[in-house]
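# Commentary on secondary and tertiary structure
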Amino acid sequence: DLHFYRSTPTELGIRKGLVVGHEPSGIVRKTGSGATMFQIGDRVTVNHTLGCGKCMYCFQGETVLCAENRGIAIAGYGGDTNLLAIPETTCIPLIDNLSFIDGTFVACTGATAYNAAKRVISNDENNIAIFGLGPVGLSCILILQKMGAYVVGIDPNSKRREFAASLGVTNVSDFDTIINLKKQSPNLSGFNGSIETSGSFFAQSVAIDILAPKGRAVYLGLSKGKPSISPEQFIHKQITIIGSKV
Ligand SMILES: [Zn+2]
Ligand SMILES: [Zn+2]
């Protein structure tokens, strides 16, 4: 993840000598005496969140919500190495038509996007705005399109919009167009849902303002700094604010 890539070891609190890498995929070379789920030769990718293995969230498979959750690298199972020992409960079978690179992508970025997509989609109309056309935002779009939603991808960066279009994402827009559209037609019913993937303070705020009454705003883009949204923005339209992680 770029957060890790761009942070200094001091900022991350990382021990000297730690093997980094939290998105490994590979082949099972050896199994421990208590392992029952995988056999030598199986292709796997890895869920990088480790919980205590005893609490309600861990039993539900939501290790990311466990109070003792740690990433696999911090816990000593970093993936940037040829061989690593990893608990079998963190391994996910990788089907043959997915490459190891696909597996690496699915385990972190893909899962993050899928979780957000599940949380924004409803049984009613699904006009969804995605803020940020990086890997997570693009994944959200592809997943939501498969779920039958009408999706618009929004990014101020024209290169990112062009790249999204080259992948077949048909509805891409910049911020100004979206905001002007809303200004010109204040009664426009708006979007039913939005996913904010960028961490931009501006996008965090607009992700609520473009919603129709009773819309859902899902946040997964991390940011540091002052709060960007005010309760006034979501009280009157009875918007649901949703946090989402991997
Ligand atoms: Zn737990
Ligand atoms: Zn990651």
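Residues numbered from 1 in each chain as written. Chains lettered and ligands numbered in written order. Predicted model: local features only at pLDDT ≥ 70, side-chain atom pairs only at ≥ 80, totals over all residues. Heavy atoms only, no water.

The next thing to look at is the overall build of the chain. Looking only at helices and strands, one finds nine helices and 11 strands in the chain. For a compact globule of 246 residues, the expected C-alpha radius of gyration is about 18 Å, and the chain comes in at 20 Å, within 12% of that figure. With the principal axes as the frame, the chain shows a C-alpha extent of 65 × 40 × 35 Å. Expressed as a percentage of the 246 residues in the chain, the buried residues total 38%. Of the contacts formed within the chain by residues at least 6 apart in sequence, a portion of 59% connects residues at least 24 apart. For the chain, the distance from the average site of its 22 positive side-chain charges to the average site of its 19 negative ones is 4 Å. (Helix = DSSP H or I, 4+ residues; strand = E, 2+ residues; numbered from the N terminus. Rg over C-alpha atoms; globule rule 2.2 N^0.38 Å. Buried < 20%, exposed > 50% of the residue type's maximum accessible area, 1.4 Å probe, protein only. Contact = heavy atoms within 4.5 Å. Lys, Arg positive; Asp, Glu negative; His and termini not counted. Charge placed at Lys NZ, Arg CZ, Asp CG, Glu CD.)

Attention now goes to the nonpolar core. The biggest cluster of nonpolar side chains holds 19 residues, and the ones touching the most others in it are Ile130, Leu144 and Ile195. The next biggest cluster of nonpolar side chains, apart from the first, holds 17 residues, and it includes Phe131, Val152, Ile208 and Ala217. (Core = buried A, V, L, I, M, F, W, Y, C linked by side-chain atoms within 4.5 Å.)

Right, let's talk about the sheet that holds strand 1 (residues 25-27) for a bit. Strand order in this open sheet of three strands is 1-2-5, and the pairing throughout is antiparallel. Of all strands in the sheet, those with a lone pairing partner are strand 1 and strand 5 (91-93), marking the two edges. Averaged over neighbouring strand pairs, the angle between their axes works out to 35° when direction is ignored. (Pairing = 2+ DSSP bridges. Axes fitted to C-alpha atoms, helices over the stretch in contact; angles between N-to-C directions.)

Attention now goes to the coordination of the zinc ion (ligand 1). All of the protein donors around the zinc ion (ligand 1) are Cys52 (SG), Cys55 (SG), Cys58 (SG) and Cys66 (SG); their distances to the metal are 2.3 to 2.4 Å. One way to put it: the four donor atoms around the zinc ion (ligand 1) meet at angles of 105 to 115°, and that makes the site tetrahedral. Residue Cys58 is classed as buried on the basis of its relative accessible area of 13%. (Donors = N, O, S within 2.8 Å, 3.2 Å for Na, K, Ca; no water. Tetrahedral: all angles 85-135°; square planar, octahedral: opposite > 155°, others 65-115°.)

All right, on to the domain arrangement of the chain then. The domain architecture assigned to the chain consists of domain 1 (2-98) and domain 2 (111-243). Domain 1 and domain 2 are separated by 30 Å when their C-alpha centres are compared. (Domains from an automatic or database assignment.)

Moving on to helix 5 (residues 135-146). Over its 12 residues, helix 5 extends 17 Å from the first C-alpha to the last, a length consistent with the 16 Å expected when each residue adds 1.5 Å. Phi turns positive, to about 95°, at Gly148, one or two residues after helix 5. (Expected span 1.5 Å × (residues − 1).)

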